[in-house]
Amino acid sequence: MLKDIAKSVWANAYAPYSKFKVGVAIKTIDGSVFSGVNVENAAYPEGTCAEAAAIAAMCAAGQREIVEVYVIADCKEPVPPCGGCRQKLAEFSKPDVPVTMATIAGKEKTIVVSDLLPGSFSKNFFTNK
Ligand code: THU
């Protein structure tokens, strides 16, 4: 289950500066699951988001199509992916792919990729010139 995987990797996030750990699990069209955590750095801009880590693992395995996303953090309200991660998720997802945002305490909210990033820039613009 994506929830269990995201929650278990969440604990391993490296976030000593923000103290805000994020865990992500994504499922691809072949049923594989990839996970990621945020990894911060003393040189702050070098930190990376959990979504980016999960997507990198997915690409390394040769997968390119996301069918479901689960993002979790220890906050009061379900954690929304940042703007950059919305663009990264949209790159590999159809508009109707569900993204569940969650809290460690168990609160969840699910929305689809096209609602996360309406009117997004995409590779379609390269071909529809
Ligand atoms: N963070 C993520 O990993 N994903 C998001 O979509 C939101 C923000 C991380 C980045 C940084 O390490 C910490 O949360 C605080 O911004």
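This write-up is about the structure you can find in this document. Remember, it's a predicted structure, so these values are computed and weren't measured experimentally.

A word on helix α2 (residues 50-60)
The set of residues buried in α2 consists of A50, E51, A54, I55 and M58. All buried residues of α2 lie within an arc of 130 degrees about the axis, which places them on one face of the element. On its buried face, α2 is in contact with β1 (22-28), β2 (33-37), β3 (66-73) and α3 (83-91). Following α2 by one or two positions, G62 has its phi on the positive side, about 90 degrees.

Description of the nonpolar core
Residues I26, I66 and V69 are the most contacted members of the largest nonpolar core, which totals 21 residues. Elements that contribute at least two residues to this core include exactly β1, α2, β3, β4 (98-103) and α4 (113-116). In this view, I66 contacts I26, K27, T28, I55, M58, L89, F92, S93 and V97; residues no more than four positions away in its chain are not counted. Residues L2, A6, W10 and Y70 belong to the second largest nonpolar core, which totals 7 residues.

Comments concerning unusual backbone geometry
Phi is positive for K19, which is not a glycine, with a value near 60 degrees. Here K19 is to be found in the loop between α1 (2-10) and β1.

Focus on the packing of α2 against α3
Two elements in contact, α2 and α3, have axes separated by 9 Å at closest approach and are oriented at 25 degrees. Classed by the angle they form, the pair α2 and α3 counts as roughly parallel. For α2 against α3, the interelement crossing comes out left-handed. Contacts from E51, A52 and I55 in α2 reach C85, K88 and L89 in α3.

Structural notes on the site of the ligand
Neighbouring residues of the ligand: S18, F20, V22, N38, E40, C49, A50, E51, P81 and C82. A distance of 2.9 Å is found between an oxygen atom of the ligand and a backbone nitrogen or oxygen belonging to A50. At 2.8 Å from a nitrogen atom of the ligand is found a side-chain nitrogen or oxygen belonging to E51. When the ligand is considered free in solution it has 370 Å² of accessible area, and contact with the protein chains removes 77% of it. Here the shell around the ligand is built from residues that sort into 6 nonpolar, 2 polar and 2 charged.

Calculation rules
Residues numbered from 1 in each chain as written. Predicted model: local features only at pLDDT ≥ 70, side-chain atom pairs only at ≥ 80, totals over all residues. Heavy atoms only, no water. Buried < 20%, exposed > 50% of the residue type's maximum accessible area, 1.4 Å probe, protein only. Helix = DSSP H or I, 4+ residues; strand = E, 2+ residues; numbered from the N terminus. Arc of directions from axis to C-beta. Contact = heavy atoms within 4.5 Å. Core = buried A, V, L, I, M, F, W, Y, C linked by side-chain atoms within 4.5 Å. Axes fitted to C-alpha atoms, helices over the stretch in contact; angles between N-to-C directions. Parallel < 35°, antiparallel > 145°, perpendicular 65-115°, else oblique. Left-handed = near helix turned anticlockwise from the far one by under 90°. Near = heavy atom within 4 Å. Polar contact = N/O pair within 3.5 Å; in protein donor to acceptor, adjacent residues only side chain to side chain. Areas by Shrake-Rupley, 256 points an atom, 1.4 Å probe, with all protein chains shown as cover. Nonpolar A, V, L, I, M, F, W, Y, C, P; charged D, E, K, R; others polar.

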